[in-house]
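Structure assessment
Listed here are the chains, written in short residue letters.
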Amino acid sequence: MAPTKEEEQKLKECEDDSPVKLGSAAERFLKAVLHIPFAFKRVDAMLYITNFESDVEYLKKCFQTLEAACEELRSSRMFLKLLEAVLKTGNCMNARKNQGDAQAFKIDTLLKLVDVKGTDGKTTLLYFVVQEIIRAQGAHLFSTNNQTPKSTPNEDAKRRKLALQAVSGLN
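In this report, the structure presented in the accompanying data block is examined. (Residues numbered from 1 in each chain as written. Predicted model: local features only at pLDDT ≥ 70, side-chain atom pairs only at ≥ 80, totals over all residues. Heavy atoms only, no water.)

**Brief notes about the overall build of the chain**
Counting secondary structure elements, the chain contains seven helices and zero strands. Counting from the amino terminus, the chain carries its helices and strands in the arrangement α-α-α-α-α-α-α. Contacts spanning at least 24 positions in sequence make up 43% of the contacts within the chain whose residues lie at least 6 apart. (Helix = DSSP H or I, 4+ residues; strand = E, 2+ residues; numbered from the N terminus. Contact = heavy atoms within 4.5 Å.)

In structure tokens, the structure reads:
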């Protein structure tokens, strides 16, 4: 730890090396080190060199983790469905504005999905979008089975269960 400029100035002004003026061995050591040109910069450089390899290995592991996460997202059908649903929801919400026919959105928009709440103050836009994906997937599964979607609670529960199974199978 290098002394501040004030401490450095006070140590340089102190001419007497007696233990009375310089209270401890550490202060006497600092005064002696101050006479070495760029002593603290040299120590910082040595620490940097010493830690360089371990820092590089740590960064390589971090980048490998990041690359694996990006590849997982690129190959995830569920994530693509989520992005598509977010885009459609945004276009629906902005239908009466010039922004209602967007082809894309900024990735930081995903962070805002949990901030937008419904009128009940509890339901987030993210929850709504996921529920809509599940509902749409359930309706799609029922239509492929040549069954017409019914609105009875029992049929809704069956549709939701099928949809959840299908959505959980998406990777």
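**Details of the pattern of salt bridges**
Per the counting criterion, the structure on display carries three salt bridges. Linking Glu71 and Arg74 is a salt bridge whose minimum nitrogen-to-oxygen distance equals 3.2 Å. One end of the pair, Glu71, and the other, Arg74, are both in helix 3 (residues 39–75), three residues apart, so they sit about a helical turn from each other. What makes Glu71 partly exposed here is its relative accessible area of 42%. In this structure Arg74 comes out as exposed when scored by relative accessible area, which is 58%. (Salt bridge = Lys/Arg side-chain N within 4 Å of Asp/Glu carboxyl O. Buried < 20%, exposed > 50% of the residue type's maximum accessible area, 1.4 Å probe, protein only.)

**Thoughts on the layout of surface pockets**
Size it by volume and the largest pocket reaches roughly 330 Å³. Looking at the largest pocket, it is lined by 17 residues, and the ones nearest its centre are Val86, Gly90, Asn94, Phe105 and Thr109. Sorting the residues of the lining of the largest pocket by element identifies helix 4 (77–93), helix 5 (109–112) and helix 6 (125–144) as the ones contributing at least two each. Take the lining of the largest pocket: its biggest share by element is six residues, from helix 4. Partitioned by chemical class, the residues of the lining of the largest pocket number ten nonpolar, six polar and one charged. Each pocket or cavity is described by its volume, and for the second largest pocket that value is around 240 Å³. Considering the residues around the second largest pocket, the lining is formed by Lys81, Glu84, Ala85, Lys88, Thr89, Val129, Glu132, Ile133, Ala136 and Gln137. At the level of secondary structure, the elements contributing two or more residues to the lining of the second largest pocket comprise helix 4 and helix 6. When the residues that make up the lining of the second largest pocket are grouped by side-chain class, the tally is four nonpolar, two polar and four charged. (1 Å grid on protein atoms, 1.4 Å probe; cavity = no way out; pocket = protein on both sides within 12 Å on 5 of 7 lines; lining within 4 Å. Points joined across faces, edges and corners; volume = space filled by probe spheres on them. Nonpolar A, V, L, I, M, F, W, Y, C, P; charged D, E, K, R; others polar.)

**Details of the environment of Val130**
As for its position among the elements, Val130 is in helix 6. Look at Val130 and you get partly exposed, because its relative accessible area is 26%. With 48 residues separating them in the primary sequence, Val130 and Leu82 have C-alpha atoms 7.2 Å apart.

**With respect to helix 4**
For helix 4, with 17 residues, the first-to-last C-alpha span of 24 Å sits near the 24 Å given by 1.5 Å per residue. Looking at helix 4, one finds that the buried residues are Leu82, Ala85, Val86, Thr89 and Asn91. (Expected span 1.5 Å × (residues − 1).)

Without other data, these values stay purely geometric and don't point to any function.
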